[in-house]
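Observations on the model geometry
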Amino acid sequence: MNSVVIYTDGACKGNPGPGGWGVLLRAPDGSEKELFGGELGTTNNRMEMMAVIQALAALKRPCSVVLHLDSQYVLKGITEWLSGWKAKGWKTASKQPVKNVDLWQQLDGLVSTSGHTIDWRWVKGHAGDPGNERADALANCGVEQALGRR
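Residues numbered from 1 in each chain as written. Predicted model: local features only at pLDDT ≥ 70, side-chain atom pairs only at ≥ 80, totals over all residues. Heavy atoms only, no water.

With that out of the way, let us pick up the overall build of the protein chain. Secondary structure summary: the protein chain contains four helices and five strands in total. Shown N-terminal to C-terminal, the secondary structure of the protein chain runs as helices and strands in the order β-β-β-α-β-α-α-β-α. Whereas a compact globule of 150 residues would reach a radius of gyration of roughly 15 Å, the protein chain reaches 15 Å, a difference of no more than 12%. A principal-axis box enclosing the C-alpha atoms of the protein chain has dimensions of 45 × 40 × 25 Å. Here the protein chain, with 150 residues, has 46% of them falling under the buried criterion. A separation of at least 24 residues holds for 66% of the contacts in the protein chain among residues at least 6 apart in sequence. Here the protein chain has roughly 7500 Å² of accessible surface; of this, 50% comes from carbon and sulfur atoms. Looking at charge distribution, the protein chain has the averaged site of its 17 positive side-chain charges lying 6 Å from that of its 15 negative ones. (Helix = DSSP H or I, 4+ residues; strand = E, 2+ residues; numbered from the N terminus. Rg over C-alpha atoms; globule rule 2.2 N^0.38 Å. Buried < 20%, exposed > 50% of the residue type's maximum accessible area, 1.4 Å probe, protein only. Contact = heavy atoms within 4.5 Å. Areas by Shrake-Rupley, 256 points an atom, 1.4 Å probe, with all protein chains shown as cover. Lys, Arg positive; Asp, Glu negative; His and termini not counted. Charge placed at Lys NZ, Arg CZ, Asp CG, Glu CD.)

The next point concerns the pairing of strand S1 (residues 2-12). Counting buried positions along S1 yields eight of 11 residues, so the element is predominantly enclosed. In terms of strand pairing, S1 meets strand S4 (residues 63-69) through seven bridges, oriented parallel. The residue of S4 that forms the bridge with Val-5 is Val-66. (Pairing = 2+ DSSP bridges.)

On to the pattern of salt bridges, then. Summed over all chains, the structure comprises six salt bridges. Across the pair Arg-134 and Glu-34 runs a salt bridge whose closest N-O atoms are separated by 2.8 Å. Note that Arg-134 is positioned in helix H4 (residues 130-146) and Glu-34 in strand S3 (residues 32-42), a separation of 100 residues in sequence. Exposure remark for Glu-34: the relative accessible area of 37% places this residue in the partly exposed category. For the salt bridge of Asp-108 with Lys-86, the shortest nitrogen-to-oxygen distance reads 2.9 Å. Linking Asp-108 in helix H3 (residues 101-113) with Lys-86 in helix H2 (residues 72-87), this pair joins segments that are 22 residues apart in sequence. Among the residues examined, Lys-86 registers a relative accessible area of 40% and is labelled partly exposed. (Salt bridge = Lys/Arg side-chain N within 4 Å of Asp/Glu carboxyl O.)

Any functional reading would require information beyond the geometric quantities listed.
Okay, here's the thing in structure tokens:
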């Protein structure tokens, strides 16, 4: 099985506001691929999720993935909350609709059908981790793209 290290990040200028997502994919041979995109009128949480979705969607075959992210929302959502949300018909413990359900369902589908083994690793954002800093810069490129400046 191929292996890949991924760093993802999202950015938003205002919340909601113009946002971007960034992805750094690194193969064992050191080769890298960078992805980014953005949209207007979004939230930081949506961009954090979109980064992970785009990263996993970019993989063309099942991989052993080490996925670094600085979003507790995405990490806890995928590793702790998701099964309960699904069991409750996409409702939270307080019986409210799950926010960003469209992206959670998309992410769940990617994770459950891709054949990837994913090691989810939280990193502290803006703390000097080179991969996280690059993903953050790419997310900001996505904001600029959404604003038509790139």
